[in-house]
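Tertiary structure, described
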Amino acid sequence: MRAYEQLLLRCRNQKLNLKFEIQPASLILTVQSDFDAQRIVYKDIHYQPDQIIKMQRYLTGQVPADFVHVFTRSNKQLIAKPFNKAELLPINTIEWVHHEPENY
């Protein structure tokens, strides 16, 4: 079962806490239930720095917001519909963590 399907089954009707860990080469997104601490971790998400900056500006102070899985197919962004409908999950908090590259 895919991570987003698991998230929907575990956390439907619960508010979520998001933690974005921005690393130099990828992003880690931890999605955790505010109710029972169930969590799903998305690792090695590739990102464009300018898109992260836009998302931070948009989401800072914008709670309530909703979480939905978006994927790309044929250069189009589509909303995942694992159970034949798009389901949005409410977000309670958002945390941004920036990891700087280590100098060796």
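Sequence order as written defines the numbering, with residues in each chain counted from 1. The predicted nature of this model means local features are confined to residues of pLDDT at least 70 and side-chain atom pairs, given and counted, to a pLDDT of 80 or more, with totals for whole chains, interfaces and linings taken over all residues. Only hydrogens and water are removed before side-chain values are computed, so all heavy atoms of the structure are retained for them.

Let's shift gears to the packing of aromatic side chains. One pair of aromatic rings is described through two measures. These are the centre distance and the angle between the planes. Two aromatic rings from Phe, Tyr or Trp, using only the six-membered ring of Trp, form a pair when their centres are within 6.5 Å; if the ring planes differ by under 30 degrees the pair is stacked, by over 60 it is edge-to-face, and anything between is tilted. Counted by the stated rule, this structure contains 2 aromatic pairs. Taken together, a centroid distance of 4.3 Å and an interplanar angle of 10° make the contact between Phe 20 and Trp 96 stacked. With Phe 20 in strand β1 (residues 16-22) and Trp 96 in strand β7 (residues 89-98), the pair connects residues that are 76 residues apart, well separated along the chain. In this pair, the class of Phe 20 matches that of Trp 96, namely buried. For the pair Tyr 42 and Phe 67, a centre-to-centre distance of 6.4 Å together with 50° between the ring planes defines the contact as tilted. Of the two residues, Tyr 42 sits in strand β3 (residues 39-45) while Phe 67 sits in strand β4 (residues 65-67), which places them 25 residues apart along the sequence. Just as Tyr 42 is buried, Phe 67 falls in that class too. Each helix corresponds to a stretch of at least 4 residues labelled H or I by DSSP, and each strand to a stretch of at least 2 residues labelled E; elements are numbered beginning at the N terminus. Here's how the labels work: a residue is buried when its accessible area is under 20% of the maximum for its type, exposed when over 50%, partly exposed in between, all with a 1.4 Å probe on protein chains only.

Turning to unusual backbone geometry, a few remarks are in order. The residue Ser 74 is not glycine, and still its phi comes out positive at about 55°. As for its placement among the helices and strands, Ser 74 is situated in the loop between β5 (70-73) and β6 (76-79). When its relative accessible area of 65% is taken as the criterion, Ser 74 is described as exposed. Not every positive phi belongs to a glycine, and Asn 84 is a case in point at roughly 65°. Looking at the element boundaries, Asn 84 is found in the loop between β6 and β7. The exposure class of Asn 84 is exposed, given its relative accessible area of 77%.

This brings us to the sheet that holds β7. For two strands to pair, DSSP has to find at least two bridges joining them. On the basis of which strands lie adjacent, the open sheet formed by 5 strands has the order β3-β2-β1-β7-β4 and mixed pairing. On the outer flanks of this sheet lie β3 and β4, each paired with one strand and no other. On average, each strand axis in the sheet is inclined to that of its neighbour by 35°, with strand direction left out of account. Direction of pairing for β1 relative to β7: parallel, over a ladder of 7 bridges. Note on β7: the bridge partner recorded for Glu 21 is Val 97. Here a residue-residue contact requires only that any non-hydrogen atoms of the pair lie within 4.5 Å. Here an axis means a line fitted to C-alpha atoms, over the contact stretch when the element is a helix, while the angle between two N-to-C directions is reported on a 0 to 180 degree scale. Each of β1, β2 (27-33), β4 and β7 is contacted by helix α2 (residues 49-59), which is oriented at about 125° to β7, the strand it contacts most.

Most often, soluble globular proteins have nonpolar side chains that are buried together. Nonpolar cores are built from buried Ala, Val, Leu, Ile, Met, Phe, Trp, Tyr and Cys residues. Side-chain atoms within 4.5 Å join them into one set. If you look at the biggest cluster of nonpolar residues, it comprises 22 residues, and the most contacted ones within it are Tyr 4, Leu 7, Leu 18, Leu 29, Val 31, Tyr 42 and Phe 67. Elements with a contribution of two residues or more to this core: α1 (3-11), β1, β2, β3, α2, β4 and β7. If near-sequence neighbours (up to four positions away) are discounted, Leu 18 is found in contact with Leu 29, Thr 30, Val 31, Phe 67, Ile 91, Thr 93, Ile 94 and Glu 95.

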